Amino acid sequence: MHGIIMVFFFLVPSIPATLGNFLIPIMIGARDLAFPRINLLSWYIYIVGGLFALTAIVQGGVDTGWTFYAPFSSTYSNTHVIMAAIGVFVSGFSSILTG
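Residues numbered from 1 in each chain as written. Predicted model: local features only at pLDDT ≥ 70, side-chain atom pairs only at ≥ 80, totals over all residues. Heavy atoms only, no water.

A.B. asks: Any chance you could break down helix H3 (residues 81-98) for me, citing the residues and the numbers?
C.D. replies: If you check H3, its first and last C-alpha atoms are 26 Å apart, about what 18 residues at 1.5 Å a residue would give, namely 26 Å. For H3, the set of buried residues is Ala 84, Gly 87, Val 88, Val 90, Ser 91, Ser 94, Ser 95 and Thr 98. Across the axial projection of H3, the buried residues extend over an arc of 165 degrees, all falling on one side. Away from its buried face by more than 90 degrees, H3 exposes Ile 82, Phe 89 and Ile 96. Buried positions along H3 lie against helix H1 (2-28) and helix H2 (36-58). (Helix = DSSP H or I, 4+ residues; strand = E, 2+ residues; numbered from the N terminus. Expected span 1.5 Å × (residues − 1). Buried < 20%, exposed > 50% of the residue type's maximum accessible area, 1.4 Å probe, protein only. Arc of directions from axis to C-beta. Contact = heavy atoms within 4.5 Å.)

Structure representation (structure tokens):
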């Protein structure tokens, strides 16, 4: 779960959010973003995706790692991979709206 949180909830959103939301408006001298409400919606969607991933942690975590590959050692998994994958999928929509 550490890899899922760090890759999909820190590394992937950090570059577009830092460059697109903070640095580029300062560099071009704008007072605000072009679409501030869409940017706020992307933040809310990011929080919802994070809540899905944290729910997967609280309920028992995943045994697949950040790549979501199925483990080779078992035929039945009793973890919450679908909940974590939904969180990553929802946070992907947040990155799309941030871009």
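A.B. asks: For the environment of Val 48, give the residues involved together with the corresponding values.
C.D. replies: Relative to the helices and strands, Val 48 is located in helix H2. Considering only alpha carbons, one finds Val 48 and Asp 63, 15 residues apart in sequence, at a separation of 22 Å.

A.B. asks: I'd love a proper account of the packing of aromatic side chains, names of residues and values included.
C.D. replies: In this structure the tally under the stated criterion is five aromatic pairs. Seen in terms of ring centroids, Phe 89 and Phe 93 are 5.1 Å apart; in terms of plane orientation they differ by 85 degrees. Their pairing is edge-to-face. Of this pair, Phe 89 and Phe 93 both sit in helix H3, four residues apart, roughly one helical turn. Counting every residue linked through ring pairs, the aromatic cluster contains Phe 8, Trp 66 and Phe 68. (Phe/Tyr/Trp six-rings, centres within 6.5 Å; stacked < 30°, edge-to-face > 60°.)

A.B. asks: Any details on the nonpolar core? Residues and values, ideally.
C.D. replies: If you look at the biggest cluster of nonpolar residues, it comprises eight residues: Ile 4, Phe 9, Tyr 46, Ala 53, Ala 56, Val 62, Ala 84 and Val 88. Broken down by element, the residue count for this core peaks at three residues, all from H2. Leave out the neighbours within four places in its chain, and Tyr 46 touches Phe 9, Pro 13 and Ser 94. (Core = buried A, V, L, I, M, F, W, Y, C linked by side-chain atoms within 4.5 Å.)

A.B. asks: So what about the side chain of Ser 94? Which residues, and what values?
C.D. replies: Examined against the element boundaries, Ser 94 turns out to sit in helix H3. Ser 94 sits in the buried class, given a relative accessible area of 5%.

A.B. asks: Requested: an account of H1, with residues and values cited.
C.D. replies: In this model, H1 (27 residues) spans 37 Å end to end at C-alpha, consistent with the 39 Å of a helix rising 1.5 Å per residue. The axis of H1 is deflected most strongly, by about 40 degrees, at Ser 14, and proline Pro 16 appears within four residues downstream. Taken together, the buried positions of H1 are occupied by Ile 4, Phe 9, Pro 13, Asn 21 and Pro 25. Those residues of H1 hidden inside the fold are in contact with H2 and H3. Gly 29, located one to two residues past H1, shows a positive phi value of around 80 degrees. (Bend = angle between axes of the 7 residues up to and from the residue.)

Limitation: the analysis is restricted to geometry and does not speak to function.
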